[in-house]
Amino acid sequence: MNSLALDLHPPARRRRTLSWFPFAALSPSLLVLSVFFALPMGMMIGMSFTQTETFSPTLEHYQRFFTDGLSLAGFCRTALMSLLVAVSVTVLGYPVAYFLARSTTRWRAVVFALALAPELAGVVLRTYGWLIILEDRGFINDLLLQLGVISSPLPLSKNLFAVVVGLTHVVLPFGILSLMTSIQGIDPNLERAAQMLGASRLAVIRTIVLPLSVPGIVSSMLIAFTMAASAYATPALLGGAGFKVLATMIYEQVLFYIDWPFASVMAMALLLMMLAISFVGVRYESRRRSRASVSSGGER
Amino acid sequence: MNALDIELVSVSKSYAGMAVVKDIDLAIPQGEFVSILGPSGCGKTTTLNMIAGFTAPSHGDIRIKGRSQVRVPPERRNIGLVFQNYALFPHMTVTENVAFGLKMKGVRRNEAETTVKSALRSVHLEGMGERYPRELSGGQQQRVALARAIAPRPSVLLLDEPLSNLDLKLREAMRIELKEIQQQLGMTFVYVTHDQEEAMAMSDRVVVMWQGAIAQEGQPAALYREPNSRFVADFIGKSNILSVTSTATQAANLELAVGDGLILKAHKIELTAEIRYCSIRPESIAVLPPGAGGSGFANLLNATVRRVVNLGAAFEIDADLGSDVRLHVLLRATRASVPPKVGDAIHLGIDDADIQPLSA
């Protein structure tokens, strides 16, 4: 009896000593996060509900967001732009990711370096690069004009197209990495098995690799969407004055109109858009997982 | 009837100058169960991959039903392959897995359904069709992999160590079952394994590979009885391998000098190369009671018992013949047999036919 009690105590005490340690270890980052993240976030939420002069609670900023037309248009433009970037990053990144996941040749290292190289140059630099290529008197238009293919410059810059191109370039490495990780998790023998059963290269991709890399596709699209929706420099530079998304509109409200409450409302809209998209993605993934576990639980 | 299903004609494979498979010739007739047996790194998996089409041979030709396959991609070779880790498609049910090959071949739906059913029946998995691979045990997954491979009726089925992930009991049961399935289908099986027992139990013919080349091929019993090299004698079953110091041909026998002045009489054979070793299977040595006469053994040897290990069905006796020669003897445990004790002097009888001279 006595020895049993003795046996039970030490682990309990050890558990208690352990419990404060993670918090102690986390405290510096918790401190930084609470001061520089939670606090401003709280202030932003508060500001979006505050009347500018009287400091009384109000919904007028939200009302303005939904009624002035421009704000909702910007919201929709942001969503459309981010969706296009998510799709183009995933579609363009997939073949590269597949190659990186499966290749064993020395070309793998070269392609890997090329795929990630864009991250070495700053966003602004890359965006100016695209401007030089896409401008009315840029590389492409110049070439086509001189070849006589077109008689007046194509509208390649200062629009949605240019922004999607620029953002795709910025976000692509992240999409490739998340797709690559997912494809690497697929047993290569599955592809060989399918091949032995008569599946062509294309059929193997369609019936085996694509369905099994759906989690990677979802996360690639999530990353691309959120990165695109929160990007400022690329839409500002490549979109021109007429192309307004939430990020550039918030910047305008803060710096030109000094309307912080309205900027907060727009930031809230952006935040909610991204939360909603992430929720859909995470929900999809957890549904897929629970489907798997429910059916495996059926055996018992 | 005796058409060849697979022919390997002086096939070699080297990676960056390193020869992995060296000049292999192999002809596998239709309906045969052939095992490619060898330790890891002997080139057996490379050989399998060349037959499957995942690896191109550096030299030589691979023919299936007489037609060269070197330029044919795996998906058009009409070969089935069962993987060591089964490689079942996790996002498909058992039925979908088994139907995959038929779908890729464009087999009509109702026809495919019947074929899938009969494939599942032949591996005893009726009624499991709606399950997913993760809901099955290892043995069941193994059966699904087999059903999936045989459903499209390939001309040849390759099996890459398919039983090595199963526990011993199941492995032994599956051996018998695999052999039965093969005989029912009349399909050519090429079975790659490092497990000599498995190869012996199932095969019509065993091809022993060592260091990238074929060491010996033949029926399991013949390989066991007449290994042609020290490696094969040692790799297949257990054997006493003694170094031979000199040979002398007598009227009736071949006399092999082993150890320090000990002479063993073996069957007379045509000498083509210097005899360097001889192999004696432990169970072919008779333990004779002291005082027993010659009783017809060509070799009658005096020995001292050094160690006796009770294996249940048999006793393993470590017998010291003096002159630095020791033999492992397997004495079957019967009601009548009394095992000798350590230190006992015993007589060992060995038939001349049971001493296999080896030149390598």
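Quantities reported herein were computed from a predicted structural model and do not represent experimental measurements.

## Observations concerning helix α2 (residues 94-104) of chain B
- Counting buried positions along α2(B) yields eight of 11 residues, so the element is predominantly enclosed.
- All buried positions along α2(B) are accounted for by Val94(B), Thr95(B), Asn97(B), Val98(B), Ala99(B), Phe100(B), Gly101(B) and Leu102(B).
- On its buried side, α2(B) packs onto α8 (188-196) of chain A together with α3 (109-122) and α4 (138-150) of chain B.
- In the stretch just after α2(B), Gly106(B) is the one whose phi turns positive, near 75°.

## Quick notes on the domain arrangement of chain B
All names here are of chain B.
- Taken as a whole, chain B is organised into domain 1 (4-230) and domain 2 (238-358).
- Its C-alpha centre places domain 1 at a distance of 39 Å from the equivalent point of domain 2.
- Split into classes, the residues belonging to the side of domain 1 that touches domain 2 amount to one nonpolar, one polar and two charged.

## Side note on the nonpolar core
- Formed by 102 residues in total, the largest nonpolar core has its most connected members in Leu158(B), Val190(B), Val208(B) and Cys278(B).
- Per element, the largest residue contribution to this core is six residues, and it comes from α4(B).
- Mapping this core onto the domain boundaries places at least three of its residues in each of domain 1 (4-230) and domain 2 (238-358) of chain B.
- In contact with Val208(B), other than residues within four places in its own chain, are Leu37(B), Gly38(B), Ala215(B), Gln216(B), Glu217(B), Leu223(B), Val232(B), Phe235(B) and Ile236(B).
- Grouped together as the second largest cluster of nonpolar side chains are 52 residues, Val170(A), Val171(A), Val245(A) and Met266(A) included.

## Looking at the environment of Ile79(B)
- Along the chain, Ile79(B) turns up in strand β6 (residues 79-82).
- Taking the C-alpha atoms as reference points, Ile79(B) and Ser155(B), separated by 76 residues in sequence, lie 6.0 Å from one another.
- Leave out the neighbours within four places in its chain, and Ile79(B) touches Met196(A), Ile51(B), Ala52(B), Pro154(B), Val156(B) and Leu158(B).

## Things to note about the sheet that holds strand β4 (residues 59-64) of chain B
Residue and element names in this part refer to chain B.
- The strand order across the open sheet formed by four strands is β2-β1-β4-β5, and the pairing between neighbours is antiparallel. For this open sheet the edge positions go to β2 (18-29) and β5 (67-68), each flanked by a neighbour on one side alone.
- Sheet topology note: the β4/β5 ladder contains two bridges and is antiparallel. By the bridge assignment for β5, arginine 63 is matched with serine 68.

## Observations concerning the interface of chain B and chain A
- Counting from both sides, the interface comprises 20 residues of chain B and, opposite them, 20 residues of chain A.
- Where the side of chain B that touches chain A is concerned, the elements lending two or more residues are β6 and α2 of chain B.
- Classifying every residue of the side of chain B that touches chain A by side-chain character gives 12 nonpolar, four polar and four charged.

## Overview of the sheet that holds strand β14 (residues 277-280) of chain B
Residues and elements named next belong to chain B.
- What the five strands build is an open sheet, ordered β13-β12-β11-β14-β20; its pairing is antiparallel. Either end of the sheet is taken by a strand with one partner, and the two such strands are β13 (262-267) and β20 (355-358). Pairs of neighbouring strands in the sheet enclose a mean axial angle of 45°, with direction left out of account.
- Direction of pairing for β14 relative to β20: antiparallel, over a ladder of four bridges. The partner of serine 279 across the bridge, within β20, is glutamine 356.

## Digging into the environment of Arg153(B)
Residues and elements named next belong to chain B.
- Tracing the backbone through its elements, the reader meets arginine 153 in the loop between α4 and β7 (156-160).
- Take arginine 153: there are 16 C-beta atoms within 10 Å of it, and that puts it in the partly exposed class.
- Here the alpha-carbon distance between arginine 153 and threonine 115, two residues 38 residues apart in the chain, equals 9.5 Å.

Conventions and cut-offs
- Residues numbered from 1 in each chain as written.
- Chains lettered and ligands numbered in written order.
- Predicted model: local features only at pLDDT ≥ 70, side-chain atom pairs only at ≥ 80, totals over all residues.
- Buried ≥ 20, exposed ≤ 12 C-beta atoms within 10 Å, placed from the backbone.
- Helix = DSSP H or I, 4+ residues; strand = E, 2+ residues; numbered from the N terminus.
- Contact = placed C-beta atoms within 7 Å.
- Domains from an automatic or database assignment.
- Nonpolar A, V, L, I, M, F, W, Y, C, P; charged D, E, K, R; others polar.
- Core = buried A, V, L, I, M, F, W, Y, C linked by C-beta atoms within 7 Å.
- Pairing = 2+ DSSP bridges.
- Axes fitted to C-alpha atoms, helices over the stretch in contact; angles between N-to-C directions.

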